Amino acid sequence: MSEKHWSQIGERGSLLGLRFLLGVYQILGKYPLWLFLFPVVFYFYLTDKNGRNASKQFLSKVAADQEQGKISDSQLSVLKHYCTFADAAFDKLDAWLGNISNKQIIYSCPEAMENIARSGKGAIFIGSHLGNLEVCRAMNQDRYGTKINVLVFTQHAIKFNQLLKDVADDVDLNMIQVSDVGPDTAMLLKDKVEQGEIVVIVGDRTSQSVAGRVIYSPFLGQDAPFSQGPFILAALLECPIYWLFCFKEGRNFKVCIEHVTDKLKLPRKQRQEVLSELIACYAKRLEHYAIKYPYQWFNFYDFWQRDNNAQRVSSKEDK
């Protein structure tokens, strides 16, 4: 397995190739597109040994946690995993092109966004690279009248984000591009939530620039590193916290918004204990949905890679 941090894995493919596939899609539609797209996906599958190993590692952990052998870690399953990732990219394009209707968006808790909009108070949503948050963001731009700000690390998907801008001028509306969340970013986001806006950040990837600021928590049978940053940010914003997931089910998309707490406090003496419990809660929900939607897991690197500089916090069962 590669020792590279996820942020060191470069974006593959060319913008010209992406634009060609987009043109085929716009002319012929998604199903004929796969005549051109599958050879591309298969090429990346063949030439991406580390990605294949990471997929197999993840799928094997899911298989060990599932009953009745619903999923396997075979190479056919790994290839399906790659195909699902490619399909999700075109779902993002569909969302910004207006090809996904509001009827296709199904909320597990429809009153959550309505309550946030009515309250006039901001909130922070902590999501992940499981599922397709881009669909959720595109569909909610004007639906509730609540601005949604997304923290993005776009330098690792420059070509694809340019493709999104080709199809929708407002795709970067309320996107906050960062390499790491510092004091200036935190102050900016605090202003936004105080104005009743929503901030979205992912919690399943460790910091690109600061080693060691992670807490290890059980995930699919093995402790995995989770960055403390998003959860500390949630406390600094002093606003309600929700988990956010968006999954494809057939032609529809299921949006799960789960309330966590109205306000997170990190007392000095209990800071690490509170962070540990919150991250364990997040990891548990991430695990729950990863088992349910395994092919929509889009972290193609060693998710359990050790960080020798990291602080390790054991689960309660270990104490």
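See the structure above.
Now for a quick tour of the structure. As the structure is a prediction and not an experimental result, all values here were calculated from the model.

## As for a nonpolar patch on the surface
Piece 1. Together, F20, I27, L28, L35 and F36 give the surface a local cluster of nonpolar side chains, amounting to about 570 Å² of exposed area.
Piece 2. Residue F36 is classed as partly exposed on the basis of its relative accessible area, which comes to 35%.

## A closer look at the environment of G98
Piece 1. Looking at the secondary structure, you find G98 in the loop between α4 (75-97) and β1 (105-107).
Piece 2. Exposure remark for G98: the relative accessible area of 56% places this residue in the exposed category.
Piece 3. Between the alpha carbons of G98 and A168 there is a distance of 9.6 Å; along the sequence they are 70 residues apart.

## Remarks on α4
Piece 1. Helix length check: α4, at 23 residues, gives a terminal C-alpha distance of 33 Å against a target of 33 Å (1.5 Å per residue), a fit within 8%.
Piece 2. Two residues or fewer past α4, G98 is found with a positive phi of approximately 80°.

## Examining the packing of aromatic side chains
Piece 1. Tallying each qualifying case throughout the model produces 27 aromatic pairs.
Piece 2. Summarising the aromatic geometry, the rings of F85 and F298 are spaced 5.3 Å apart at their centres and angled 55° between planes, so their arrangement reads as tilted. Remark: F298 occurs in the segment after α10 (271-292) and F85 occurs in helix α4; sequence separation between them is 213 residues.
Piece 3. Given the relative accessible area of 10%, F298 is considered buried.
Piece 4. Considering the side-chain rings of Y301 and F303, the 6.2 Å spacing of their centres and the 50° angle between planes classify their relative orientation as tilted.
Piece 5. Y301 gets classed as buried once you look at its relative accessible area, which sits at 11%.
Piece 6. Following the ring pairs from residue to residue traces out a cluster consisting of F58, F219, F226, F231, W243, Y282, W297, Y301, F303 and W304.
Piece 7. Across from the ring centre of Y45, 5.7 Å away, lies the NZ or CZ of R52, which sits over that ring.

Rules and cut-offs
Every chain is numbered independently, its residues counted from 1 as its sequence is written. Side-chain atom pairs in this predicted model are given and counted only at pLDDT of 80 or more, local residue features only at pLDDT of at least 70, and totals for whole chains, interfaces and linings cover all residues. In computing side-chain properties, one takes all heavy atoms of the structure into account and sets aside hydrogens as well as water. Patch criteria: residues need more than 30% relative accessible area and no salt bridge. Like-charged residues are merged within 9 Å; nonpolar side chains of Val, Leu, Ile, Met, Phe, Trp and Tyr are merged within 5 Å. Methods summary: accessible areas were calculated by the Shrake-Rupley approach with a probe of 1.4 Å, and residue burial reflects only the protein chains presented. What counts as a salt bridge is simple: a side-chain nitrogen of Lys or Arg found within 4 Å of a carboxyl oxygen of Asp or Glu. Relative accessibility under 20% of the residue-type maximum defines a buried residue, over 50% an exposed one, and the middle range a partly exposed one, all with a 1.4 Å probe and only protein chains included. Strands here are runs of E lasting at least two residues and helices are runs of H or I lasting at least four, both read from the DSSP assignment and numbered beginning at the N terminus. Expected helix span is given by 1.5 Å per residue-to-residue step, counting one fewer step than there are residues. Note on aromatic pairs: the rings of Phe, Tyr and Trp (six-membered ring only in Trp) are paired at centre separations within 6.5 Å, and the planes decide the class, stacked below 30 degrees, edge-to-face beyond 60, tilted for the rest. Charge over a ring is defined by NZ of Lys or CZ of Arg lying within 6 Å of the ring centre and within 35 degrees of the ring normal.

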